[in-house]
Amino acid sequence: MEAVLTHLRGAIERGEYAIGDKLPSEAELCRTLEVSRPVLREALRALQTMGLTVAKTGKGTFVVASSVEEPTFGDYSAGDLLEVRRHVEIPVAGYAALRRTPENLDHLAHLLDRMERETDTTAWVAMDTLFHLAVAEAAQNPVFRRVIEEIRDALARQSAFLNELGGRREQSNREHRAIVEALIDGSEHDALEAMSHHLDRVETTLTDIVRSVRTDTPTEGGPEA
């Protein structure tokens, strides 16, 4: 999928597909790039998330930008989402370290164990959002949970994006482990630091994806599936 995305993104950024142009049909792209339709569709979804294309039902996929400005996740831009997460989830982690119950810790530990064993990205992403909801619950303030619920869909979209394009899953598991260990220790300072580090890494990966310059030219026959 990454090879297909690199090829299509590069073609758009080089102007081979100009703003307003319609991309070739899925069938044509699959033949040209020699990939399966599921792989192609993943790449096309990533292009939309990056803001380079839009899909019009019954008409196809059209180019709407020549370079990546900022990804959007559902109703929210990456920048807006991260800004809110910093102002909410970092203090939430601190409160959770001070207020968590044994039941909260059991729930978080169980979730983390499942996430570390999970190999299916879709299932992992679902548990990722549950993890952040569980931290909010441990803060013992229903307003915090309501805020995380509001951005839950965006969090899931962002998580999937980072895992598909940034290979974040294992690193994220380690960061989640550090958060849980801080909550177990009841250390507000460590919890704040662990959540802050987690969001720093999210921002770094997003920045790397957006700013990356794709100069590789696919070999004849296109990328392999």
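Refer to the structure presented above.
Notes on the structure follow. Predicted, not measured: the structure shown is a model, and the values here were computed from it.

## Brief notes about the overall build of the protein chain
If you tally the helices and strands in the protein chain, you get ten helices and four strands. Along the protein chain, helices and strands appear, N-terminal first, in the series α-α-α-β-β-β-β-α-α-α-α-α-α-α. C-alpha atoms of the protein chain, sized along the principal axes, occupy 55 × 30 × 30 Å. Residues classed as buried in the protein chain amount to 43% of the 225 residues present. Expressed as a percentage of contacts within the protein chain between residues at least 6 apart in sequence, the contacts between residues at least 24 apart total 72%. Just so you have it, the protein chain exposes about 11500 Å², and 47% of that area is on carbon and sulfur atoms.

## What about empty space enclosed by the protein?
Rolled over the atoms, a probe as big as a water molecule pinpoints where empty space is left. Using the criterion set out here, one finds two cavities of 30 Å³ or more in the structure. If you trace the largest cavity, you find 14 residues lining it, with R85, D128, S159, L162 and H198 closest to the centre. Listing elements by their share of the lining of the largest cavity, those giving two or more residues are helix 6 (121-138), helix 8 (152-166) and helix 10 (188-211). Sorting elements by how many residues they give to the lining of the largest cavity places helix 8 first, with five residues. Split by residue class, the lining of the largest cavity holds four nonpolar, seven polar and three charged. Considered as a void within the structure, the second largest cavity measures approximately 30 Å³ in volume. Taken together, E89, V92, H132, V135, A136, I148 and M195 form the lining of the second largest cavity. Broken down by secondary-structure element, the contributors of at least two residues to the lining of the second largest cavity are helix 4 (78-99) and helix 6. For the lining of the second largest cavity, the element with the highest residue contribution is helix 6, accounting for three residues.

## Examining the packing of helix 2 (residues 26-33) against helix 3 (residues 37-49)
Remark: helix 2 packs on helix 3, axes separated minimally by 10 Å, with the N-to-C direction vectors making an angle of 110 degrees. The angle between helix 2 and helix 3 places the two elements in the roughly perpendicular class. Where helix 2 abuts helix 3, its residues E26, A27, L29 and C30 lie against R37, L40, R41 and L44. Across the contact of helix 2 with helix 3, the residue classes break down as five nonpolar, no polar and three charged.

## As for the pattern of salt bridges
The tally for this structure, following the rule as stated, stands at 14 salt bridges. Here R177 makes a salt bridge to E116, at a shortest N to O gap of 2.7 Å. Of this pair, R177 sits in helix 9 (residues 169-185) while E116 sits in helix 5 (residues 102-117); the two residues are 61 residues apart in sequence, bridging distant segments of the chain. E116 gets classed as partly exposed once you look at its relative accessible area, which sits at 37%. Taken together, the shared-partner salt bridges in this structure form one network comprising E137, R145, E149 and R152.

## A look at the side chain of E89
As for its placement among the helices and strands, E89 is situated in helix 4. Among the residues examined, E89 registers a relative accessible area of 3% and is labelled buried. Reaching out from E89, the side chain makes a polar contact with the side chain of H132 at a distance of 2.6 Å.

## Digging into the environment of F161
Within the secondary structure layout, F161 lies in helix 8. Overall, the relative accessible area of 4% leaves F161 in the buried class. For F161 and K22, which are 139 residues apart along the polypeptide, the C-alpha to C-alpha distance reads 23 Å.

Rules behind the numbers
Residues numbered from 1 in each chain as written. Predicted model: local features only at pLDDT ≥ 70, side-chain atom pairs only at ≥ 80, totals over all residues. Heavy atoms only, no water. Helix = DSSP H or I, 4+ residues; strand = E, 2+ residues; numbered from the N terminus. Buried < 20%, exposed > 50% of the residue type's maximum accessible area, 1.4 Å probe, protein only. Contact = heavy atoms within 4.5 Å. Areas by Shrake-Rupley, 256 points an atom, 1.4 Å probe, with all protein chains shown as cover. 1 Å grid on protein atoms, 1.4 Å probe; cavity = no way out; pocket = protein on both sides within 12 Å on 5 of 7 lines; lining within 4 Å. Points joined across faces, edges and corners; volume = space filled by probe spheres on them. Nonpolar A, V, L, I, M, F, W, Y, C, P; charged D, E, K, R; others polar. Axes fitted to C-alpha atoms, helices over the stretch in contact; angles between N-to-C directions. Parallel < 35°, antiparallel > 145°, perpendicular 65-115°, else oblique. Salt bridge = Lys/Arg side-chain N within 4 Å of Asp/Glu carboxyl O. Polar contact = N/O pair within 3.5 Å; in protein donor to acceptor, adjacent residues only side chain to side chain.

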